[in-house]
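One letter stands for each residue in the lines below.
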Amino acid sequence: AMADPSSFASPACCLTRHLHLRCRVDFGARALRGTAALTARAEREALRCLVLDTRDVQVFKVTVNGQDAQFAFGEKHSFKGTPLEITFPNELRRGQEAIVEISFESSPQSSALQWFTPEQTSGKKHPFLFSQCQATHCRAIFPCQDTPAVKLTYYAEISVPKELVALMSANRDGEAPDPEDSAHKIYQFSQNVPIPCYLFALVVGALESRKIGPRTLVWAEKELVDKSAYEFSEAEAMLKTAEDLAGPYVWGQYDLLVLPPSFPYGGMENPCLTFVTPTLLVSIAVIKVIAHEISHSWTGNLVTNKTWEHFWLNEGHTVYLERRIGGRLFGEQFRHFQALGGWRELQNTINTLGDKNPVTNLVINLDEVDPDVAYSSVPYEKGFALLFYLEQLLGGPDIFIGFLKAYVLQFAYKSIVTEDWKKFLYSYFKDKVDILDKVDWNSWFHAPGMPPVKPTYDMTLSNACVALSQRWIQAKESDLGSFNSADLKEMSSHQLIEFLALLLLEAPLPLSHVQRMQEVYDFNAVNNSEIRFRWLRLCIRSKWEEAIPLALKMATDQGRMKFTRPLFRDLYNFDKSRDLAVKTFLEHRASMHPVTSMLVGKDLKQDQ
């Protein structure tokens with residue numbers, strides 16, 4: 001078995017199959033404290049020890065089947081954390097199971113958790129907590145085999161202040177008063193589908209819910225819950241479409257949770273409870289993100305990458321399904337338009353990272369590389385481009401979705417690598433091996449930069465964006481009078497985003513051009529986060545000083561890394577705003593999400 005370079009665990013020796021978690025959420029100490037009981041199965045004879053991943057976690061006691069067991073921490077690694085080695089009182093035979101119970105406490109600095117004071121919430125009355133475990137942060141909550149090669153079921157009992165609600169990536173299984181603390185109550189959860197540790201999730205706050213479908217509640221703070229219910233009303237229609245494309249939905253509930261603005265991602269596909277950013281509430285990306293997270297219920301959560309080096313298996317297939325859902329809802333031209341937007345997003349990422357950078361390979365090497373640092377749009381968009389190219393090569397969308405459905409069926413509940421995927425592709429299309437052999441697999445998988453081949457895209461919806469962006473790129477000072485607000489009259493919000501994205505791929509426009517653009521289009525007045533983000537980047541790149549406070553405000557009012565990191569990077573690269581960008585980051589650092597703060601710190605050369 002290929003070892004996971006991002007984990008200390010040895011699943012080939014011993015597998016954790018179930019977790020029973022009992023813990024208390026302590027807002028005063030900013031800690032989770034309790035016991036994690038792991039059901040471990042020996043995978044070889046005469047097993048004497050179990051190695052688990054931890055990062056900044058205290059361990060007080062370990063028992064194996066109720067007997068005290070010795071444990072020791074190994075050497076601390078800069079980002080992987082510290083291995084915890086547990087010695088069994090009696091050796092295990094192959095196939096024998098033992099219950100390993102660990103008393104632990106998480107650190108207030110845990111990279112998996114963000115704690116909020118009441119003042120930082122919408123309601124201002126109660127504290128708030130959420131977790132984000134992908135890729136390797138579950139180990140910063142409790143000791144575990146923190147590799148996507150291992151899947152386990154879990155049962156959890158979480159004690160929280162009784163005025164708050166706890167939710168997890170699991171089905172809600174009841175609540176009861178805490179017998180040890182009358183100010184607390186205990187929420188119970190069960191996840192009966194085996195999941196990798198990165199899909200473990202917990203949120204605690206003053207949350208309310210609205211029912212928006214037969215299997216869907218939307219959860220948010222009171223101030224946002226009605227708006228959220230309205231924005232996410234398409235969820236059931238998208239779930240049905242996804243089931244039609246990928247097979248039955250096996251997770252029972254599909255709830256949505258709207259987090260505070262500092263949530264670092266657009267969404268996180270936690271099973272039974274998708275986490276989403278509130279930036280979606282002023283965006284047209286609602287459909288895109290929800291379709292994406294729903295699609296993960298098959299690709300990622302059922303069929304999982306065995307290590308983070310094969311992350312494209314999770315994300316490429318999920319973007320493919322997300323766009324198939326979009327095609328069903330808005331037509332095939334729209335799917336092609338989104339696909340081409342993705343190709344340009346890939347160009348943009350590769351411009352930023354450099355076309356010789358090994359993290360732009362589809363399959364990457366993570367030896368001594370932090371998965372958070374390697375994270376980019378490459379696994380999403382290069383992965384999608386490969387699947388879209390294969391769809392066109394192998395006979396079109398109807399034929400290719402047959403493959404995708406069979407692939408999910410073949411590998412459901414398993415963790416796989418790229419070679420497993422490729423072997424299955426060859427066996428499914430055994431009558432088309434001659435076509436598959438013409439694919440330059442080595443370049444697709446192992447070469448940096450743009451893919452070796454560009455798929456074919458229907459340009460119908462893209463042409464207007466290209467035409468308008470070209471007018472601006474080619475305009476001389478004397479042509480600026482020819483632009484007016486009517487230029488945008490026929491364009492959708494999607495097309496506006498694409499128009500701005502095209503301009504960002506080019507050399508910066510002269511300052512006079514962006515000033516004229518503001519005069520005629522008034523982009524400063526637009527609240528849609530996807531449009532605003534690209535517009536402010538365009539202004540900063542053209543060295544428009546008036547945009548500096550607007551860009552700083554957007555970079556700090558929310559913490560979605562897709563927006564925050566490029567805005568801070570552009571502000572850092574503009575001599576007039578560099579010092580202010582660093583100063584603003586240092587002022588906000590303490591209240592930022594730990595991963596965001598680490599990555600922006602690297603971008604701004606402030607990492608210790």
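Residues numbered from 1 in each chain as written. Predicted model: local features only at pLDDT ≥ 70, side-chain atom pairs only at ≥ 80, totals over all residues. Heavy atoms only, no water.

- The protein chain has the name Leukotriene A(4) hydrolase in an unreviewed UniProt entry, where Hirundo rustica is given as its organism.
- In its Subcellular location (unreviewed entry) section, the UniProt entry covering the protein chain states "Cytoplasm".
- Note on the protein chain: under the UniProt heading Pathway (unreviewed entry), the record states "Lipid metabolism; leukotriene B4 biosynthesis." (UniProt positions renumbered as here; feature names shortened; annotations may be inferred.)

### Looking at the overall build of the protein chain
Point 1. Check the secondary structure of the protein chain and you find 19 helices and 22 strands.
Point 2. A buried classification covers 60% of the 608 residues belonging to the protein chain.
Point 3. Residue pairs in contact within the protein chain that sit at least 24 positions apart in sequence constitute 72% of those at least 6 positions apart.
Point 4. Once the 64 positive and 72 negative side-chain charges of the protein chain are each reduced to a mean point, those two points are 1 Å apart. (Helix = DSSP H or I, 4+ residues; strand = E, 2+ residues; numbered from the N terminus. Buried < 20%, exposed > 50% of the residue type's maximum accessible area, 1.4 Å probe, protein only. Contact = heavy atoms within 4.5 Å. Lys, Arg positive; Asp, Glu negative; His and termini not counted. Charge placed at Lys NZ, Arg CZ, Asp CG, Glu CD.)

### What to know about the sheet that holds strand 6 (residues 70-73)
Point 1. Spatially, three strands are ordered 3-7-6 in an open sheet, and the strand pairing comes out antiparallel. Each end of this open sheet is capped by a strand with a single partner; those strands are strand 3 (47-54) and strand 6. Across this sheet, the average inter-strand angle for adjacent strands is 20 degrees, counted without regard to direction.
Point 2. As paired elements, strand 3 and strand 7 (residues 82-92) share seven bridges and run antiparallel to each other. Within the sheet, the bridge partner assigned to Thr-54 lies in strand 7 and is Thr-82. (Pairing = 2+ DSSP bridges. Axes fitted to C-alpha atoms, helices over the stretch in contact; angles between N-to-C directions.)

### A short note on the pattern of salt bridges
Point 1. The tally for this structure, following the rule as stated, stands at 39 salt bridges.
Point 2. Measuring nitrogen to oxygen at the nearest pair gives 2.8 Å for the salt bridge that ties Arg-323 to Glu-381. Of this pair, Arg-323 sits in helix 4 (residues 311-330) while Glu-381 sits in helix 7 (residues 378-393); the two residues are 58 residues apart in sequence, bridging distant segments of the chain. Each member of the pair, Arg-323 as well as Glu-381, carries the same accessibility label: buried.
Point 3. For Glu-530, the salt bridge is made with Lys-562, and the minimal N-O distance between the two is 3.0 Å. Highlighted residues: Glu-530 in helix 15 (residues 529-541) and Lys-562 in helix 17 (residues 561-573), separated in sequence by 32 residues.
Point 4. Residue classification places Glu-530 among the buried positions, given a relative accessible area of 4%.
Point 5. Residue Lys-562 is classed as partly exposed on the basis of its relative accessible area, which comes to 33%. (Salt bridge = Lys/Arg side-chain N within 4 Å of Asp/Glu carboxyl O.)

### A word on the domain arrangement of the protein chain
Many authors give the size of an interface as the accessible area that is lost as the parts come together.
Point 1. Here the protein chain is partitioned into domain 1 (1-205), domain 2 (206-297), domain 3 (308-446) and domain 4 (461-604).
Point 2. Here domain 1 and domain 3 have C-alpha centroids that lie 32 Å from each other.
Point 3. Each side of the interface is counted separately: domain 1 has 16 residues, and domain 3 has 16 residues.
Point 4. Counting each side, the surface lost to burial between domain 1 and domain 3 is near 1,400 Å², with a carbon and sulfur contribution of 55%.
Point 5. Summed over the shared surface of domain 1 and domain 3, the number is zero salt bridges.
Point 6. By residue class, the composition of the side of domain 1 that touches domain 3 is nine nonpolar, five polar and two charged. (Domains from an automatic or database assignment. Buried area = accessible area lost by both parts, 1.4 Å probe. Nonpolar A, V, L, I, M, F, W, Y, C, P; charged D, E, K, R; others polar.)

### Things to note about empty space enclosed by the protein
Point 1. Tallied over the entire structure, the rule returns two cavities of 30 Å³ or more.
Point 2. Around the largest cavity, the lining residues are Tyr-249, Trp-251, Tyr-254, Glu-269, Asn-270, Pro-271, Cys-272, Thr-274, Glu-293, Ser-297 and Asn-301.
Point 3. Each residue belonging to the lining of the largest cavity can be placed in one class, and the counts come to five nonpolar, four polar and two charged.
Point 4. One number sums up the size of the second largest cavity: a volume of about 30 Å³.
Point 5. Lining the second largest cavity, in full, are Leu-167, Met-168, Ala-170, Arg-172, Gln-253, Asp-255, Cys-272 and Leu-273.
Point 6. Among the residues making up the lining of the second largest cavity, the classes are represented as five nonpolar, one polar and two charged.
Point 7. When residues of the lining of the second largest cavity are assigned to domains, at least three map to each of domain 1 (1-205) and domain 2 (206-297). (1 Å grid on protein atoms, 1.4 Å probe; cavity = no way out; pocket = protein on both sides within 12 Å on 5 of 7 lines; lining within 4 Å. Points joined across faces, edges and corners; volume = space filled by probe spheres on them.)

### Points about the sheet that holds strand 1 (residues 14-26)
Point 1. In spatial order, the strands read 5-4-8-2-1-11-14-13; together these eight strands make up an open sheet with mixed pairing. Edge positions in the sheet fall to strand 5 (67-68) and strand 13 (171-177), since each of these pairs with one other strand and no more.
Point 2. One ladder, built from two bridges, connects strand 4 (residues 57-64) with strand 5; its direction is antiparallel. Directly across from Thr-63, in strand 5, lies its bridge partner Asp-68.

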